[in-house]
Amino acid sequence: MKPNCITALFATLLGMCSLPSLATDTASTLCASTDKVVFSCPLANSKKIVSMCASSDAKRFYYAYGLSATPELVYPARDQPSDGVFMRSHLVYGGASGGTAYSFVKRAYKYIVYAAAGTGFQDGGVIVQRPGDSGVAKKMQCQSSKIVESQDDGIIDRTLKW
């Protein structure tokens, strides 16, 4: 190989190593191995994980919460359709900041899974509210810089139709 080719190859490989990884650590998601991660993070001060997942064909979505080996809540249940269950909101803040929130109502509670990022910050987690009450019944934040969000255009397009 010529010196210029070696230099270019080395620079390319070095650049690839410095890119953030979009692959997910299976320990940080509750999505089935054949499913796609929409959003996932390990929760701060906890061993629990929160995930929004899509089936491999992106026709069914579900929320999962709990320990990696034994989720406490999977909604809707695996044998139930997810049509009309979730809502998606685009979060807009001042400057170059924004994010996404996914929500659903189960029994007497509204669950909001969110991620927001901007210059110098990243935040995400789950907020649980009683419907009609703007107060927070419970807030669980993601571990700092451990948020994984889908970059898959097909998944994003499907959630935009909710």
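Residues numbered from 1 in each chain as written. Predicted model: local features only at pLDDT ≥ 70, side-chain atom pairs only at ≥ 80, totals over all residues. Heavy atoms only, no water.

**Notes on the layout of surface pockets**
- Considered as a void within the structure, the second largest pocket measures approximately 170 Å³ in volume.
- Lining the second largest pocket, in full, are Tyr 63, Tyr 65, Glu 72, Leu 73, Tyr 111, Val 128, Lys 138 and Met 140.
- Listing elements by their share of the lining of the second largest pocket, those giving two or more residues are β3 (61-66), β4 (71-75) and β9 (138-141).
- Within the lining of the second largest pocket, the residues separate by chemical class into six nonpolar, no polar and two charged. (1 Å grid on protein atoms, 1.4 Å probe; cavity = no way out; pocket = protein on both sides within 12 Å on 5 of 7 lines; lining within 4 Å. Points joined across faces, edges and corners; volume = space filled by probe spheres on them. Helix = DSSP H or I, 4+ residues; strand = E, 2+ residues; numbered from the N terminus. Nonpolar A, V, L, I, M, F, W, Y, C, P; charged D, E, K, R; others polar.)

**A look at the sheet that holds strand β1 (residues 36-42)**
- The sheet built from five strands is open, its strands ordered β4-β3-β2-β1-β10 with antiparallel pairing. The sheet is open, and its two edges are formed by β4 and β10 (148-149), each paired on a single side.
- Pairing between β1 and β10: two bridges, direction antiparallel. Opposite Phe 39, over in β10, you have Glu 149 as the bridge partner.
- In this fold helix α2 (residues 153-160) packs onto β1, β2 (49-54) and β3, with an angle of close to 100° to the strand it touches most, β3. (Pairing = 2+ DSSP bridges. Contact = heavy atoms within 4.5 Å. Axes fitted to C-alpha atoms, helices over the stretch in contact; angles between N-to-C directions.)

**A closer look at the state of the cysteines**
- Within the structure shown, the criterion is met by two disulfides.
- The disulfide bridge from Cys 31 ends at Cys 53, spanning 2.0 Å between sulfur atoms. When the S-S torsion is -90°, as for the bridge of Cys 31 with Cys 53, the disulfide is left-handed. Of this pair, Cys 31 sits in the loop between α1 (3-18) and β1 while Cys 53 is found in strand β2, placing the two residues 22 residues apart along the sequence. Each member of the pair Cys 31 and Cys 53 is classed as buried.
- The disulfide partner of Cys 41 is Cys 142, and the gap between their sulfur atoms is 1.9 Å. Here Cys 41 and Cys 142 share a disulfide; its torsion about the S-S bond, -70°, makes the bridge left-handed. In this pair, Cys 41 sits in strand β1 while Cys 142 sits in the loop between β9 and β10, placing the two residues 101 residues apart along the sequence. As far as burial versus exposure is concerned, Cys 41 and Cys 142 are alike and both buried.
- Once the bonded cysteines of the chain are numbered in order along the sequence, the disulfide links fall as 1-3, 2-4. (Disulfide = S-S within 2.5 Å. Buried < 20%, exposed > 50% of the residue type's maximum accessible area, 1.4 Å probe, protein only.)

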